Amino acid sequence: MLETTFTTDSGSVRVLDAMAFAAGQRRHDLGFDSPHELLRSVEGVAGTVELSMELSPRPEYGLVRPLFRREGKGGHVFGATPMAVRAGVPVEIDDATMRASFSLGSGERAGFSLRFAPPDTRRPPLPTAAERVAERIGDTAEAWRSWEAEHDIYEGPHRELVRMSTRVLKGLTYRPTGAIVAAPTTSLPETVGGERNWDYRFSWIRDSSLTIEALYIGACSDEAAEFVSFMTSSAGGRAGEGSLQIMYGIGGEHDLSERELPHLSGWRESRPVRVGNGAWGQTQLDVYGELLNSIHLYRDRLRELHPEIQAFAADLADTAARRWMERGAGMWEMRGEPSHHVSSKVLCWTALDRAVKLAPRLGEHARPEQWSAERERIRDAVLTRGWSEQRQAYAQSFDSDELDAAALLMPLVGFLPATDPRMRSTIEAIARDLTEDGLVLRYRTEGDGPGADGLSGEEGTFVICSFWLVSCLAKAGEVERAEVLFDRVAGYANELGLLAEEIDTASGEMLGNFPQAFSHIGLITSAWELDQARARAG
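Residues numbered from 1 in each chain as written. Predicted model: local features only at pLDDT ≥ 70, side-chain atom pairs only at ≥ 80, totals over all residues. Heavy atoms only, no water.

Q: Mind showing me how you'd approach the overall build of the protein chain here?
A: Counting secondary structure elements, the protein chain contains 14 helices and 22 strands. What you see for the protein chain is a C-alpha radius of gyration of 25 Å, in line with the 24 Å of a compact globule of 538 residues. Across its three principal axes, the protein chain shows a C-alpha extent of roughly 75 × 50 × 50 Å. For the protein chain, the residues scored as buried account for 55% of the 538 residues in total. A separation of at least 24 residues holds for 67% of the contacts in the protein chain among residues at least 6 apart in sequence. Looking at the protein chain as shown, the accessible area adds up to about 22900 Å², and 49% of this sits on carbon and sulfur atoms. Once the 58 positive and 81 negative side-chain charges of the protein chain are each reduced to a mean point, those two points are 3 Å apart. (Helix = DSSP H or I, 4+ residues; strand = E, 2+ residues; numbered from the N terminus. Rg over C-alpha atoms; globule rule 2.2 N^0.38 Å. Buried < 20%, exposed > 50% of the residue type's maximum accessible area, 1.4 Å probe, protein only. Contact = heavy atoms within 4.5 Å. Areas by Shrake-Rupley, 256 points an atom, 1.4 Å probe, with all protein chains shown as cover. Lys, Arg positive; Asp, Glu negative; His and termini not counted. Charge placed at Lys NZ, Arg CZ, Asp CG, Glu CD.)

Q: Teacher, can you tell me more about the pattern of salt bridges here?
A: Here the idea is simple: oppositely charged side chains can pair when their charged atoms come close. Evaluated as defined, the whole model comprises 46 salt bridges. For Arg 196, the salt bridge identified is with Glu 459, shortest N-O distance 3.7 Å. Placement of the pair is Arg 196 in the loop between strand 11 (179-180) and strand 12 (203-204) and Glu 459 in the loop between strand 19 (439-440) and strand 20 (461-462), with a sequence separation of 263 residues. Each member of the pair, Arg 196 as well as Glu 459, is classed as buried. By sharing partners, the salt bridges in this structure join Asp 353, Arg 354, Lys 357, Arg 375 and Glu 376 into a single network. (Salt bridge = Lys/Arg side-chain N within 4 Å of Asp/Glu carboxyl O.)

Q: I'm lost on the sheet that holds strand 21 (residues 502-503) in this one. Help?
A: Sheet strands line up and pair through hydrogen bonds in the backbone, either parallel or antiparallel. Read across the open sheet, the three strands follow the order 20-21-22; overall the sheet is antiparallel. Of all the strands in the sheet, just strand 20 and strand 22 (510-511) have a single pairing partner and so form its edges. Summarising the sheet, strand 20 and strand 21 pair through two bridges and their orientation is antiparallel. Following the sheet pairing, Thr 461 is matched in strand 21 by Ile 503. (Pairing = 2+ DSSP bridges.)

Q: Is there a simple way to explain the environment of Pro 176 in this structure?
A: Mapped onto the secondary structure, Pro 176 falls in the loop between strand 10 (173-174) and strand 11. Once the C-alpha coordinates of Pro 176 and Gly 251 are considered, the two residues, 75 residues apart in sequence, prove to be 8.5 Å apart. The residues contacting Pro 176, other than those within four sequence positions of it, are Gly 31 and Phe 32.

Q: Looking at this model, I keep getting lost on the pairing of strand 4 (residues 68-71). Mind explaining?
A: Regular strands have side chains that alternate between both faces of the sheet. In terms of strand pairing, strand 4 meets strand 5 (residues 74-77) through four bridges, oriented antiparallel. Paired with Arg 69 across the bridge in strand 5 is His 76. Between the antiparallel neighbours strand 4 and strand 5 lie two residues, among them Gly 72 with a positive phi of about 55°.

Q: How do you make sense of the nonpolar core when you look at a structure like this?
A: Most often, soluble globular proteins keep nonpolar side chains buried together rather than apart. Membership of the largest hydrophobic core comes to 130 residues, with the highest contact counts inside it found for Leu 244, Tyr 288, Trp 332 and Met 410. Here this core gets ten residues from one element, more than from any other, and that element is helix 12 (residues 463-475). Discounting residues that sit within four places of it in the chain, Leu 244 has contacts with Ile 205, Ala 235, Arg 238, Ala 239, Val 287, Tyr 288, Phe 312 and Leu 316. (Core = buried A, V, L, I, M, F, W, Y, C linked by side-chain atoms within 4.5 Å.)

Q: Quick question: what am I supposed to make of the packing of aromatic side chains here?
A: What the rule picks out here adds up to eleven aromatic pairs. Here the aromatic rings of Tyr 200 and Trp 204 are separated by 5.5 Å at their centres, their planes lie at 75°, and the arrangement is edge-to-face. With respect to burial, Tyr 200 and Trp 204 carry one shared label: buried. These aromatic residues form a ring-pair network of at least three members: Phe 21, Trp 144 and Trp 147. Here the guanidinium or amino end of Arg 379 rests over the ring plane of Phe 415, the centre of that ring lying 5.1 Å away. (Phe/Tyr/Trp six-rings, centres within 6.5 Å; stacked < 30°, edge-to-face > 60°. Lys NZ or Arg CZ within 6 Å of the ring centre and 35° of its normal.)

Written out as structure tokens, the structure is:
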């Protein structure tokens, strides 16, 4: 929901926008049976304000100028994307665009509703009557409050920031299946005018697993069971044999083929605009660890694991044990040559570590001795081949000297304590050599060396990586330094408390898709790590 107040020389008006839930829906049921309806209520606050409304539906990413017919107090959009509109003021439609001009005085109100229905629905979409829009918005607000009242568990000093971030993560959850999208947008650029523009409207195992972990801290999430079920069914109950992809569509779709939309100029001329994401076919070995870590975290709330989930969890561990020596694209989905990414190995270690701990709940599928032995082989390989003497830090990939912010995950998943001398040196190397104005980059993009990601241009500082540094500093006992960095990163949120994927420290602008689950995950988890560090310090 969004409330906006507009002030003019003649007065002011308040605009309330909401995406409706099913009428009367409350608490854990939020998101089922969505009416696919956008509501807007405009209310005069003071004086008299002249307003205009314009609605130009352009389905299929702007390719279609649909038939838009005026009907009664609104209109109907025909074609493959049928929609209907109701308006509380007289409207006119010309050239597939609805327009209205009206004025509101203090206490006067006008309602608008836009509703979509799939073309195979027998009945046409029927939006909320204009005079009932304010009531339906109030019902939607109460629905959100009921969910938060049932799930709000974080009591730390950053309570309001964490509450806002948990709302964002809940909003990115597709309730009918349990899928969690990385962001609700596509092709907002990582560099204005550049090519690093991606479609994030899918459910990544990595992003979704970390979302579930963050909700464990901030909202006592009931969504974990649905997410685990979604991933198990999407993968056909198997992790091996090429069954487990690194991401799926919100309905469990596998084919997420990437294409460009040349008829669109992109945000601030940032081409290409992309639909789909080619990363769906990549090898990313970190996903086994992220998924098993979330299952382990929620082991008590998941209660008795279904036999299919037992088999799936064991298969995740078996696949990590079998494949950890392979090269891959890494968690940053690099489009250059596959590499032995250290973070991928560390997350395979995590997969086996959590599987060993879950073994008593995996029934006949448990193989703790084999998993434990392979876990130690991974650890030895990372500690030897992952260390760069030149940088005095754990590197991006085996036998390289490139830095990567993903090394900050090592203390966060329990691979090494933040106080370990080599880990401490790694934290300082990243803070010193992989930052811009104190905020953390994922890796250096310039040059054609081992760190090259196969793409031209640069990107901004990565919000979750900066929060990872906060967490590592807190774990290392540098609470004051961690708090300063936390406040700085969180301070880049916009007036609604929302964070994008990246920050351009030179301009202060946010970059990349928005709002970004990763960024709000980082805020929640680093706030919690700060709380733990303060408690340890007494």
